[in-house]
Amino acid sequence: MILVLEKGITQDQKNNIRSILFKEGYIVREMSEAGQNIIGAVGKGGKDTDFFEQLPGVAKVIPISTSFKLVSRQLHTEDTQVQVGDVLVGGERITIIAGPCAVESRDQALTIAREVKRYGAVLFRGGAFKPRTSPYSFQGLQEEGLKILAEVREATGLGVVTEITSPAQADMMMKYIDVVQVGARNMQNFELLKCVGRIGKPVVLKRGLSSTIEEWLMSAEYILSEGNDKVILCERGIRTFEPYTRNTLDLSAIPVLKTLTHLPVIIDPSHATGIREKVSPMARAAIAAGADGLMIEVHHDPDHALSDGPQSLYPKQFGQLTRDIYVIAPVIGKQLDFDYLDKAKAVDHLSKTNGTGIQRAAFLGEIGTFSHKACTQYFGNKVAAVPSPSFKSIFESVKSGEVDFGVVPLENSLTGSIHENYDLLLEYDLRIVGEITLRIIHHLIGQPDAGFNTIKRVLSPPMAFQQCRQFLERHAGWDLVPVKDTAGAVKEIGESANPADAAIASKEAAEIHGMEVIEEGIETNPRNYTRFVVIGIDRLEKGPRRKSSLIFSTGNQPGALYDVLKIFADNGINLVKLESRPIHDKPWEYMFYVDLEAEVESEAFKPTLDLLDDKTDYLKVLGSY
Ligand code: PEP
Ligand code: MN
């Protein structure tokens, strides 16, 4: 049951409730859900809900109607995110776990680990205790295999995942491994479930070969009831009458689980299909269906693999797949971040050097703006997101050191550049240290009792109006009131409590302020993407540097721009953006902003940079990222 606590509950009242629950033998979890303080109590005490409703400090008692309790979304409405080192499973970044079916040798594991890391995996998988159908098949390298996995982590920085097949392996797992996997064949091995619950390491819990979703969630309940909340559910195909694939991948389990449980869900298309060619299509579908990640078998020499060679992707195929996932993820509001681990290290390094231990990043507007989302998707939960009233104030706070980073939009695929930020990049001596692109889905948001008929005014920033032009033209009678940011607009209409007021903003902003979505997806074109850059004072020590941004001006003579562009052409450098901006105080003179695919501050680029210096009147490197 869920005990919703009164707002003004005293500590004594809370202690009293907790001690009664403990006495009655309940498992107790205290949490804050959507601004309410609640106590989740699971067990079968003798008292009924009325008894608890009478206790001082309890506002109401809600029974949990499902057989699984701790894993239920009724108890915990927000998504659980499982932290594995720098990796957060279940957040807005897609988690890719990849590696061979079995660890076969040090060389094999290291070779594959380096390949999968290069192509975007953030965790490495490899079995050391293999539950094989035949006792005569390769059974795994056992402890030797675990030692190799630990070496892989040392060498690559990838956290390692492996299957535990017996409670007797618990100590070894504690010593060598980051995530333990409970395999399909052991999903209902209750002693093993209790064991992984007690050891407290993150767990990948695979769905049993012939298990229902409810049985699977009950198995997760075993782990949580032992005090371990770090459970990742992994659908890996179920037994059906269909022989063309090894198993039948139940992708509908994703949306079903997402309503039933708060736990993250990943998909293993390798064991689900058993056939190399079928793995990538199902992996792409899984991400489109809302999976939080993938577990993929990859082998550099699958013909000689000691297990599951026919379903293992070649590293290059795996690379193609992650490129596809990179494109698909923003469509459903997520990211595949190829620089996930490097970035985490870079930010970590910064925290050690600035002495505070915490980084802060400023973004425009209130919590729930797209800038806020860009900030949390870029940094994960490592950096505190700080609301800021204007773009200029973001640049100021970064300059003064009040925050470590700023996240600002630079261009939108429908409406073009955000010139104010281009001008600020010129004015301030700050650097671009990263970038992130988000799909922008706008919603019409109003009071819970509002509808098209009651609306008279719509609040949002001018850019959102532009992006929703066609929709707004169909409602020409509405007054468009420009405000600074989308989430601020929702907050304002929430405060006015007037059914005539609506806002255009993200779904998250509506949820945060308890407002209703009246119409979803009202942007004119669904291919509405905004590119944000992350700014800082210094370059990130270890950050990735694939792309660079420059600003330059040339003399006012024929061929001046051509001379500069020729340098890029002669050196085989691809420009991904070129835009001119007027120079303030010099009418009809222009600065050029370029993005190029090169690391301009590297030794190798130095001769090119010297040439550029020669041919330009002004040259500023904004950063490589
Ligand atoms: C595995 O991941 O290597 C494995 C044996 O998977 P499953 O338990 O899903 O068969
Ligand atoms: Mn396998």
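Quantities reported herein were computed from a predicted structural model and do not represent experimental measurements.

Looking now at the sheet that holds strand S28 (residues 590-596). Spatially, the four strands line up as an open sheet ordered S27-S28-S26-S29, and their pairing is antiparallel. Looking at the sheet topology across the chains shown, the edges are occupied by strand S27 (575-582) and strand S29 (618-624). Within the sheet, the average angular offset between the axes of one strand and its neighbour, ignoring direction, is 15°. Both S27 and S28 contribute to a ladder of seven bridges, which runs antiparallel. Counterpart to Ser580 in the pairing with S28 is Phe592. The strands touched by helix H15 (residues 419-427) are strand S26 (548-553), S27, S28 and S29; relative to S27, the strand with the most contacts, the crossing angle is about 85°.

For the structure on display, the rule yields 12 aromatic pairs. Where Tyr326 meets Phe338, the ring centres are 5.3 Å apart and the plane angle is 35°; that geometry is what we call tilted. Of this pair, Tyr326 sits in helix H11 (residues 315-328) while Phe338 sits in the loop between H11 and helix H12 (340-354), and the two are 12 residues apart along the sequence. We classify Tyr326 as partly exposed; its relative accessible area is 44%.

Here we come to the site of ligand 1. With respect to spatial proximity, the complete set of residues near ligand 1 consists of Cys101, Arg125, Lys130, Glu163, Gln181, Gly183, Ala184, Arg185, Lys206, Arg236, His271 and Glu297. Ala184 has a polar backbone atom sitting 2.7 Å from an oxygen atom of ligand 1. Arg236 has a polar side-chain atom sitting 2.6 Å from an oxygen atom of ligand 1. Residues belonging to the shell around ligand 1 are distributed by class as follows: two nonpolar, three polar and seven charged.

One broad rule of soluble globular proteins: the nonpolar side chains tend to lie buried together. Counting 94 residues, the largest nonpolar core has Val116, Phe124, Leu205, Leu233, Leu294, Ile296 and Phe318 as its most contacted members. The leading source of residues in this core is helix H7 (residues 213-225), at six residues. If you count residues domain by domain, this core takes at least three from each of domain 1 (2-62) and domain 2 (82-332). Excluding residues within four positions of it along the chain, Val116 makes contact with Ala98, Gly99, Ala121, Phe124, Leu158, Val298 and Phe318.

Let us look at H7. When the terminal C-alpha atoms of H7 are compared, their 18 Å separation across 13 residues agrees well with the 18 Å that a helix rising 1.5 Å per residue should span. For H7, every residue scored as buried is listed here: Ile213, Trp216, Leu217, Ser219, Ala220, Glu221, Ile223 and Leu224. Its buried side turned inward, H7 meets strand S2 (27-33), strand S3 (36-42), helix H6 (190-199), strand S11 (203-206), strand S12 (231-235) and helix H8 (253-260). Following H7 by one or two positions, Gly227 adopts a phi angle in the positive range, close to 100°.

On to the packing of H6 against H7, then. Axes are the key here: two packed helices are described by the angle between their axes and the distance separating the axes. Following both chains from N to C, one finds H6 and H7 inclined at 45°, their axes separated by 7 Å at the closest point. Classified by the angle their axes make, H6 and H7 are oblique. Once H6 is placed against H7, the crossing between them reads as right-handed. Contacts between H6 and H7 involve Phe190, Leu193, Lys194, Val196 and Gly197 from the former and Ser219, Tyr222 and Ile223 from the latter. When grouped by side-chain class, the residues that make up the contact of H6 with H7 number five nonpolar, two polar and one charged.

It is worth spelling out the domain arrangement of the chain at this point. With domains assigned, the chain is organised as domain 1 (2-62), domain 2 (82-332), domain 3 (340-349 + 359-440 + 529-536), domain 4 (443-519) and domain 5 (548-624). Here the C-alpha centre of domain 4 lies 38 Å away from the C-alpha centre of domain 1.

The complete set of buried residues in helix H20 (residues 560-570) reads Ala560, Val564, Ile567 and Phe568. Down the axis of H20, the buried side of the element spans an arc of 95°, and every buried residue falls inside it. Away from the buried face of H20 by more than 90 degrees, exposed residues Tyr562, Ala569 and Asp570 are located. Summarising the contacts, the buried residues of H20 are in contact with S26, S27, S28 and helix H21 (606-615). Two residues or fewer after H20 comes Gly572, characterised by a positive phi angle close to 65°.

Here we come to the coordination of the manganese ion (ligand 2). Every protein donor of the manganese ion (ligand 2) is accounted for by Cys101 (SG), His271 (NE2), Glu297 (OE) and Asp308 (OD), and the metal-donor separations fall at 2.0 to 2.3 Å. All donors of the manganese ion (ligand 2) belong to a single chain; written as a sequence motif, their spacing is C-x169-H-x25-E-x10-D. With Cys101 in the loop between strand S7 (95-99) and helix H3 (106-118) and His271 in helix H9 (residues 269-273), the pair connects residues that are 170 residues apart, well separated along the chain.

Moving on, we come to the pattern of salt bridges. On inspection of all chains with the given rule, the structure shows 37 salt bridges. Lys491 is paired through a salt bridge with Glu366; the nearest N and O atoms lie 3.6 Å apart. Highlighted residues: Lys491 in helix H18 (residues 486-496) and Glu366 in the loop between strand S15 (359-364) and helix H13 (370-379), separated in sequence by 125 residues. A residue is classified by how much of its surface remains accessible, and Glu366, at 28% relative accessible area, is partly exposed. With a closest N to O distance of 3.9 Å, Arg439 and Glu523 form a salt bridge. One end of the pair, Arg439, is in strand S19 (residues 431-439); the other, Glu523, is in the loop between strand S24 (516-519) and strand S25 (529-536), and 84 residues separate them in sequence.

With relative accessibility at 8%, the residue His271 sits in the buried group. A polar contact of 3.4 Å, which involves the side chain of His271, links it to the side chain of Gln311.

Definitions and cut-offs
Residues numbered from 1 in each chain as written. Chains lettered and ligands numbered in written order. Predicted model: local features only at pLDDT ≥ 70, side-chain atom pairs only at ≥ 80, totals over all residues. Heavy atoms only, no water. Pairing = 2+ DSSP bridges. Helix = DSSP H or I, 4+ residues; strand = E, 2+ residues; numbered from the N terminus. Axes fitted to C-alpha atoms, helices over the stretch in contact; angles between N-to-C directions. Contact = heavy atoms within 4.5 Å. Phe/Tyr/Trp six-rings, centres within 6.5 Å; stacked < 30°, edge-to-face > 60°. Buried < 20%, exposed > 50% of the residue type's maximum accessible area, 1.4 Å probe, protein only. Near = heavy atom within 4 Å. Polar contact = N/O pair within 3.5 Å; in protein donor to acceptor, adjacent residues only side chain to side chain. Nonpolar A, V, L, I, M, F, W, Y, C, P; charged D, E, K, R; others polar. Core = buried A, V, L, I, M, F, W, Y, C linked by side-chain atoms within 4.5 Å. Domains from an automatic or database assignment. Expected span 1.5 Å × (residues − 1). Parallel < 35°, antiparallel > 145°, perpendicular 65-115°, else oblique. Left-handed = near helix turned anticlockwise from the far one by under 90°. Arc of directions from axis to C-beta. Donors = N, O, S within 2.8 Å, 3.2 Å for Na, K, Ca; no water. Salt bridge = Lys/Arg side-chain N within 4 Å of Asp/Glu carboxyl O.

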